[in-house]
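# Understanding the architecture of this molecule
Letter by letter, the chains look like this.
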Amino acid sequence: MEYITNVFGATIDIANARTTFSDEDTWVGGLIWGHPEESLFIGTGIIDGPVSMETYMLDAAPDRVDAGWEDVSEVSFWASGIEPVIVAGTEDFIAGTSPAFAARIDEAGEGWYRIRVHALGRDVLAREWTEAVVEHYLVLAWKAPEAAPLVYRVGSNIAREAIEAHGLGGLRGR
C-alpha cells in the first residue's frame, strides 16, 4: 500500500513490533532502531514533515534487494496478533489517522516476522523541517523465524553518522 505519513522527531514507528535486542538502544545499518522488548523505529533524515511510504506483506523473503535505494536493513520482530503492526509517523499513530492502519504488516497472525526497510532521500533536507515529500521508504514484511539483523546497503550520510555513533548493529549483506 502506498501512502504519505508524517515524521515527528526524526522517526517513523513500526508500532507493536516487539524486538529481542539486548542493548538499551540498538541501531541496525543506521536505519532501523529499537529498545529491548519495545517497538521498532525507522530513523529519518528530516525532523518533521511528510514522507512517502510503501508497505507490503509478502509470502516469503524477497530474493534480491532492488537497486536505487540508498539504505537497506533487515531485522526480525515479534507480532502478538492482537495489536496491529503498522508503519506510521508518531503523530499519525497517536491520532489514529494514518492510512497505515489499513496496511498491517502482520497479517499472518502471531509469530516472528522479518522486515526489510529501504530508504531514499534521507540526506536531502537532513535535520530540517519540511512540508514537501523528499524522503521515500519501502517496507517489506514476511513471516519467518527470528534471525540476526542484516545490513544490505549504507549510502546516506545520515546512516553513516548513525553507524559512527551507534555501530553497524547487523551483519553486512547476505
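In short, a report on the structure. Note that this is a predicted model, so its numbers are computed, not measured.

Let us look at the pairing of strand β6 (residues 48–58). As paired strands, strand β1 (residues 2–8) and β6 are joined by seven bridges and run antiparallel to one another. Note that in β6 the partner of V7 across the bridge is G49. The pairing of β6 with strand β10 (residues 136–143) spans seven bridges and is parallel. If you follow S52 over to β10, its bridge partner there is H136.

Further remarks concern the environment of A165. Tracing the chain through its elements places A165 in helix α2 (residues 157–166). The spacing of A165 and V65 is 100 residues in sequence and 26 Å in space, taken between C-alpha atoms.

Here we come to the nonpolar core. Counting residues in hydrophobic clusters, the biggest one holds 36 residues, and the most contacted among them are I14, L40, I42, F77, V87, I105 and I115. Mapped by element, the contributors of at least two residues to this core are β1, β2 (11–15), β5 (40–43), β6, β7 (71–79), β8 (86–89), β9 (111–120) and β10. Setting aside anything within four residues of it in sequence, one finds I105 in contact with I14, T55, M57, F77, V85, V87, Y113, I115, V139 and A141. Among the nonpolar cores identified, the runner-up in size contains nine residues, and W69, V72, L138 and L150 belong to it.

A positive phi is found at A10, a non-glycine position, where the angle reads about 60 degrees. Within the fold, A10 resides in the loop between β1 and β2. Unlike most non-glycine residues, R127 shows phi in positive territory, near 60 degrees. Summarising the element assignment, R127 is placed in the loop between β9 and β10. The exposure class assigned to R127 is partly exposed, which follows from its relative accessible area of 46%.

The next thing to look at is the side chain of T44. Looking at the element boundaries, T44 is found in the loop between β5 and β6. Here I46 takes part through its backbone oxygen, which lies 2.7 Å from a polar atom of the side chain of T44. With sequence-adjacent residues up to four places away left out, T44 is seen in contact with V7, A10, T11, I12, R122, E135, Y137 and I158.

How each quantity is defined
- Residues numbered from 1 in each chain as written.
- Predicted model: local features only at pLDDT ≥ 70, side-chain atom pairs only at ≥ 80, totals over all residues.
- Heavy atoms only, no water.
- Pairing = 2+ DSSP bridges.
- Helix = DSSP H or I, 4+ residues; strand = E, 2+ residues; numbered from the N terminus.
- Core = buried A, V, L, I, M, F, W, Y, C linked by side-chain atoms within 4.5 Å.
- Buried < 20%, exposed > 50% of the residue type's maximum accessible area, 1.4 Å probe, protein only.
- Contact = heavy atoms within 4.5 Å.
- Polar contact = N/O pair within 3.5 Å; in protein donor to acceptor, adjacent residues only side chain to side chain.

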